Amino acid sequence: NSKVIQTPRYLVKGQGQKAKMRCIPEKGHPVVFWYQQNKNNEFKFLINFQNQEVLQQIDMTEKRFSAECPSNSPCSLEIQSSEAGDSALYLCASSPQGRSYEQYFGPGTRLTVL
Amino acid sequence: GDSVTQTEGLVTLTKGLPVMLNCTYQTTYSPFLFWYVQHLNEAPKLLLKSSTDNKRTEHQGFYATLHKSSSSFHLQKSSVQLSDSALYFCALGTGGYKVVFGSGTRLLVSP
């Protein structure tokens with residue numbers, strides 16, 4: 001069973017508010033991914049890190065989304081100004097060294113933007 | 001670009017019957033293929049993985065064989081159970097750290 005921890009499990013925000021969620025990757029996994037899973041269950045890749053460095057991110061992430069994985073602290077994903085279209089399940093996954101395609105997911109943070 | 005296609009959005013079956021969920025992919029890289037299962041309100045879990053051509057991989061009664069000649073990695077089970085009702089995602093590991101997910105197939109097993 002995956003040991004990726006995500007908090008909070010549920011988050012409700014008004015439009016324009018900040019929304020912040022956290023992820024503790026599985027111990028010893030240096031690579032962390034964030035995905036948005038929409039109501040149609042489609043996965044959208046947002047950003048990934050190796051240790052504290054950003055590997056890849058999509059354009060959407062660069063504008064209103066910010067993420068970091070500081071040393072010795074949880075990783076975080078923050079939406080600066082939430083929009084209704086941001087309502088989704090945000091999944092964090094981590095991968096072991098040398099096996100970055102194997103992803104171990106946390107339970108997700110379900111964001112609802114009113 | 002890299003892509004994964006799952007043709008069935010919903011598959012409904014009676015327990016005890018066999019199932020095959022389709023997955024085809026496109027990539028210019030050497031492929032790593034995965035199946036993930038996501039039960040209601042739970043995290044997706046890795047079910048199967050393969051990068052070896054024509055070798056069957058099995059786990060928890062499910063099995064799949066990567067066929068590079070047809071770019072396929074179909075998921076099969078010989079006898080589905082009620083507990084198999086879930087969303088199933090096929091995923092492709094491509095160059096770099098990127099993983100591309102298919103659109104998912106919901107499997108509903110009835111008594």
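To be clear, the structure that these remarks concern was listed above.
Throughout what follows, the structure given in this document is the object of discussion. These figures come from a predicted structure and were not determined experimentally. (Residues numbered from 1 in each chain as written. Chains lettered and ligands numbered in written order. Predicted model: local features only at pLDDT ≥ 70, side-chain atom pairs only at ≥ 80, totals over all residues. Heavy atoms only, no water.)

Turning our attention to the overall build of chain B. Check the secondary structure of chain B and you find zero helices and twelve strands. Taken over C-alpha atoms, the radius of gyration comes to 13 Å for chain B, in line with the 13 Å a tight globule of 111 residues would show. Projecting the C-alpha coordinates of chain B onto the three principal axes gives extents of approximately 45 × 30 × 20 Å. Counting only residues that meet the buried cut, chain B has 44% of its 111 residues in that class. In chain B, the share of contacts with a sequence separation of at least 24, taken over all contacts with a separation of at least 6, comes to 54%. Accessible area of chain B: about 5,300 Å², with a carbon and sulfur share of 50%. Of the side chains in chain B, 9 bear a positive and 6 a negative charge, and the two mean positions are spaced by 4 Å. (Helix = DSSP H or I, 4+ residues; strand = E, 2+ residues; numbered from the N terminus. Rg over C-alpha atoms; globule rule 2.2 N^0.38 Å. Buried < 20%, exposed > 50% of the residue type's maximum accessible area, 1.4 Å probe, protein only. Contact = heavy atoms within 4.5 Å. Areas by Shrake-Rupley, 256 points an atom, 1.4 Å probe, with all protein chains shown as cover. Lys, Arg positive; Asp, Glu negative; His and termini not counted. Charge placed at Lys NZ, Arg CZ, Asp CG, Glu CD.)

All names here are of chain B. Read across the sheet, four strands follow the order β3-β9-β8-β7 without closing on themselves; strand pairing throughout is antiparallel. Either end of the sheet is taken by a strand with one partner, and the two such strands are β3 (19-21) and β7 (56-59). Within the sheet, the average angular offset between the axes of one strand and its neighbour, ignoring direction, is 20 degrees. As paired strands, β7 and strand β8 (residues 62-65) are joined by four bridges and run antiparallel to one another. (Pairing = 2+ DSSP bridges. Axes fitted to C-alpha atoms, helices over the stretch in contact; angles between N-to-C directions.)

Take the interface of chain A and chain B next. Listed per partner, the contact involves 25 residues of chain A and 22 residues of chain B. The junction of chain A with chain B conceals about 1,900 Å² of combined surface from both sides, 60% of it contributed by carbon and sulfur atoms. Linking chain A to chain B there are three residue pairs in polar contact (both at pLDDT 80 or more). Mapped by element, the contributors of at least two residues to the side of chain A that touches chain B are β4 (31-37), β5 (43-50), β6 (53-57), β9 (88-95) and β10 (104-105) of chain A. Considering only residue class, the side of chain A that touches chain B consists of twelve nonpolar, ten polar and three charged. (Buried area = accessible area lost by both parts, 1.4 Å probe. Polar contact = N/O pair within 3.5 Å; in protein donor to acceptor, adjacent residues only side chain to side chain. Nonpolar A, V, L, I, M, F, W, Y, C, P; charged D, E, K, R; others polar.)

This part takes up the side chain of A:Ser82. Mapping A:Ser82 onto the fold places it in the loop between β8 (75-79) and β9. A polar contact of 2.8 Å, which involves the side chain of A:Ser82, links it to the backbone oxygen of A:Gln17.

Residues and elements named next belong to chain B. Topologically, leucine 13 is positioned in strand β2 (residues 10-14). Between the C-alpha atoms of leucine 13 and glutamine 26, which are 13 residues apart in sequence, the distance is 29 Å. Those residues within four positions of leucine 13 in sequence are excluded, and the remaining contacts are Pro18, Val19, Val80, Leu107, Leu108, Val109 and Ser110.

Counting 24 residues, the largest nonpolar core has B:Leu33, B:Trp35, B:Leu47, B:Leu75, B:Tyr88 and B:Leu107 as the members making the most contacts within it. Elements with a minimum of two residues in this core: β2, β3, β5 (32-38), β6 (45-50), β8, β10 (86-93) and β12 (105-110) of chain B. With 20 residues, the next largest nonpolar core counts A:Val4, A:Met21, A:Leu46 and A:Cys69 among its residues. (Core = buried A, V, L, I, M, F, W, Y, C linked by side-chain atoms within 4.5 Å.)

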